[in-house]
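Structural features, examined
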Amino acid sequence: MPRSRINGNFIDKTFSIVANILLRIIPTTSGEKEAFTYYRDGMSAQSEGNYAEALQNYYEAMRLEIDPYDRSYILYNIGLIHTSNGEHTKALEYYFRALERNPFLPQACNNMAVICHYRGEQAIQQGDSELAETWFDQAAEYWKQAIALTPGNYIEAHNWLKITGRFE
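Residues numbered from 1 in each chain as written. Predicted model: local features only at pLDDT ≥ 70, side-chain atom pairs only at ≥ 80, totals over all residues. Heavy atoms only, no water.

What follows covers the overall build of the chain. Tallying secondary structure elements over the chain gives eight helices and zero strands in all. If you list the helices and strands of the chain from N to C, you get α-α-α-α-α-α-α-α. The contacts of the chain with a sequence gap of at least 6 include a subset with a gap of at least 24, amounting to 48%. Here the chain has roughly 9,700 Å² of accessible surface; of this, 56% comes from carbon and sulfur atoms. (Helix = DSSP H or I, 4+ residues; strand = E, 2+ residues; numbered from the N terminus. Contact = heavy atoms within 4.5 Å. Areas by Shrake-Rupley, 256 points an atom, 1.4 Å probe, with all protein chains shown as cover.)

Here's what the structure looks like:
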């Protein structure tokens, strides 16, 4: 049974109902509808912490989805799962792929910056200040992109950029 039919909470049920109505009235191909169904089921599984199931749904949605913009959000969500699992290299790869298809995803830029900043902090703990600065510089670049896309968001990142002299 598709996940969309077994969701237990009110928000998931409401989302599923609205999504099913939209799928019926918006003119789309059967492939696009199927891709969206897998994407929706992936989001539901992800919100419940069922990452393996979510990934299966996202990979199936990627197989079916042809629109680069829609694919960017699938890739972004795959990146979120890898981030949650501590697989930062994979997460960076998926965020980057999402940005290739949709350069207007500030949340992907922010998440990439957070990972780079974390790696910079790890380098400091390991006594490698040169590597730390490289990671921090990369984090700064991603945060600048995120802030440029959504001025007024990412206040903490903005402050960090100013404090560290990286905001230019």
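What follows continues from the structure just given.
What follows concerns the environment of glutamate 53. Among the structural elements, glutamate 53 can be located in helix α3 (residues 51–64). Note: C-alpha distance between glutamate 53 and glycine 42 (11 residues apart in sequence) is 6.9 Å.

Here, UniProt's "repeat: TPR" annotation points to residues 35–68, 72–105 and 120–153. Structurally, residues 35–68 is divided into 82% helix and 0% strand, and its ends, taken at the C-alpha atoms, are 13 Å apart. (UniProt positions renumbered as here; feature names shortened; annotations may be inferred.)

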